[in-house]
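Here are the chains, one letter per residue:
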Amino acid sequence: MGAALKDSSVAVREDRLWQRHADMAKLGGTPKGGVNRQALSAEDAAARNLLMSWAAARGFQTFTDTIGNLFVRRDGADGNAPPVMSGSHMDSQPTGGRFDGMYGVLAAFEALEALEDAGIRTRRPVIAVAWTNEEGSRFQPGAMGSAVFAGHNRLDDMLAVKDWKGVVLKDALDETLKAAPAPLRDGPPGFPVGFYVEAHIEQGPRLEKAERTIGVVTAIQGSRRFIVEIDGEEAHAGTTPRAARKDAFAAATRVAAAMYEATNDRDDALRFTIGRVEVAPGSPNTVPGKATFTIDMRHPSDAVLDVHEKKLRDIVATKAKPCPARIERITNVAPTDFDPKVIDLVRAKARALKLTHMDMPSGAGHDAMHIAKLCPAGMIFVPCERGVSHNESENATPADLAAGARVLVGVLEELANR
Ligand SMILES: [Zn+2]
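Residues numbered from 1 in each chain as written. Predicted model: local features only at pLDDT ≥ 70, side-chain atom pairs only at ≥ 80, totals over all residues. Heavy atoms only, no water.

(A) The arrangement of the side chain of H299 in detail. Residue position: H299 is located in strand β13 (residues 290-299). Side-chain polar atoms of H299 contact the backbone nitrogen of S301, separated by 2.9 Å. With residues up to four places along the chain from it excluded, the contact list for H299 reads Q221, G222, A269, L270, V304, L305 and P335. (Helix = DSSP H or I, 4+ residues; strand = E, 2+ residues; numbered from the N terminus. Polar contact = N/O pair within 3.5 Å; in protein donor to acceptor, adjacent residues only side chain to side chain. Contact = heavy atoms within 4.5 Å.)

(B) How the structure looks around the pairing of strand β1 (residues 61-65). For β1, the buried fraction is high: four of the five residues fall into the buried class. As paired elements, β1 and strand β2 (residues 70-74) share four bridges and run antiparallel to each other. Residue pairing for β2: Q61 is matched across the bridge by R73. Where β1 folds back onto β2 in an antiparallel hairpin, the turn is made up of four residues, including G68, whose phi is positive at roughly 90°. When β1 meets strand β5 (residues 184-185), the two strands line up parallel, connected through two bridges. Residue D65 lies in a different strand from β5, and its bridge partner there is R185. (Buried < 20%, exposed > 50% of the residue type's maximum accessible area, 1.4 Å probe, protein only. Pairing = 2+ DSSP bridges.)

(C) Summary view of the pattern of salt bridges. Scanning all chains against the criterion turns up 35 salt bridges. In this structure, the salt-bridge partner of D75 is R73, at a minimum N-O distance of 2.8 Å. When the shortest N-O distance is used, the salt bridge between R326 and E229 registers 3.4 Å. With R326 in strand β14 (residues 325-333) and E229 in strand β8 (residues 222-231), this residue pair connects regions lying 97 residues apart in the sequence. Overall, R326 belongs to the partly exposed group, its relative accessible area being 37%. On the accessibility criterion, E229 (26% relative accessible area) is partly exposed. Within the structure, one salt-bridge network assembled from shared partners comprises R16, R20, R58, E110, E113 and D117. (Salt bridge = Lys/Arg side-chain N within 4 Å of Asp/Glu carboxyl O.)

(D) The coordination of the zinc ion, seen in detail. Note on the zinc ion: its protein donors are H89 (NE2), D100 (OD) and H200 (NE2). The metal-donor distances range over 2.1 to 2.3 Å. All donor residues of the zinc ion come from one chain, and their arrangement in sequence is H-x10-D-x99-H. Here D100 lies in the loop between β3 (84-89) and α3 (102-117) and H89 lies in strand β3, a separation of 11 residues in the sequence. As far as the burial class goes, H89 and D100 line up, both buried. (Donors = N, O, S within 2.8 Å, 3.2 Å for Na, K, Ca; no water.)

(E) Broad picture of unusual backbone geometry. For the peptide bond that leads from Q140 to P141, omega is 5°, which places it in the cis range. Along the polypeptide, P141 turns up in the loop between β4 (126-131) and α4 (144-149). Cis geometry marks the peptide bond from K321 to P322; its omega dihedral reads 10°. With respect to the helices, strands and loops of the structure, P322 is situated in the loop between α9 (302-319) and β14. Backbone geometry places A143, a non-glycine residue, at a positive phi of 50°. Residue classification places A143 among the buried residues on the basis of a relative accessible area of 3%.

Structural data, given as structure tokens:
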């Protein structure tokens with residue numbers, strides 16, 4: 001074996017990685033070029049089988065756990081050392097793209113193959129993982145497999161979840177594992193992990209705009225969801241003078257306008273969205289008696305979220321008058337800060353490979369936010385066209401995908417020898 005072959009990054013093959021994306025895109029492929037491969041569907045099972053067939057061809061072991069996470073393992077020299085793990089998810093949105101999640105799984109698998117091709121023996125085992133149900137579009141919550149693995153959600157609670165047709169998750173999981181059988185690791189999910197690194201398309205426009213290839217992900221921003229409820233009084237639209245009205249929607253517009261203003265930060269880091277508005281009774285000629293709307297607010301800093309949550313509460317208390325109004329927090333997902341050593345290593349590998357790069361937080365949630373609770377973790381982003389994701393037209397270049405995989409394998413190799 002020549003010296004050049006000992007470099008795992010050189011052993012990454014752009015054509016092979018691209019072809020694997022094309023092969024996977026056929027499973028649940030849509031006429032518009034996207035995929036519909038929802039969690040624990042027949043298409044999900046087909047993707048599992050394809051990944052397992054590739055693993056078998058390379059002599060890697062595969063196994064699954066009781067929430068259906070799928071693991072592909074390349075042994076290390078020290079059988080007792082906790083593995084280095086990398087991966088993402090193979091399920092998609094109903095009108096999803098070919099790269100969201102799948103890239104992280106295939107980049108991790110490419111890393112295993114590159115290590116194999118380069119003839120590199122690592123101290124720790126290296127595992128490629130496909131987490132169950134990251135998208136959360138069929139079964140909620142999302143990032144389920146990684147959440148159960150990390151002990152954030154209880155297995156039994158998740159097995160009882162139903163989709164909108166009433167199918168119980170446990171039944172869908174049993175069917176999937178029957179269609180795509182892998183040796184089962186019994187008992188509650190979770191085992192010691194040394195390090196975790198997840199590759200993903202950015203799902204936003206920043207890398208493309210800055211003309212950088214590698215996003216060194218420093219954090220995942222926290223998110224909070226709220227519901228605002230405003231009570232009015234139903235009245236005749238033709239006869240009721242303005243002074244006599246308690247118009248719930250008029251109050252909602254004052255509240256919403258003040259909130260947009262209060263959340264307009266100078267560095268454009270705070271994300272504030274009112275995504276759903278309901279007005280009751282919903283009659284064209286009745287003054288609304290009730291208005292309800294949702295708020296999704298995100299930022300990498302919990303302290304900043306605290307400040308703005310207080311502003312939202314003050315606005316609801318003052319701007320809805322004369323209508324009584326309430327704001328309730330529905331979810332609060334804390335920000336994830338990735339491990340400084342892993343962040344530094346990703347940056348150093350990108351630099352060593354002469355790839356343009358930038359530090360950035362992740363706007364979207366990922367499986368890595370749960371696994372970061374278990375071990376030092378990090379993420380690597382690559383650009384996607386116009387930042388479009390959760391869309392059938394999602395696209396990325398073979399060169400960028402391969403560049404991310406080169407950084408990934410270098411990072412995994414180094415961590416696997418620690
Ligand atoms: Zn994803």
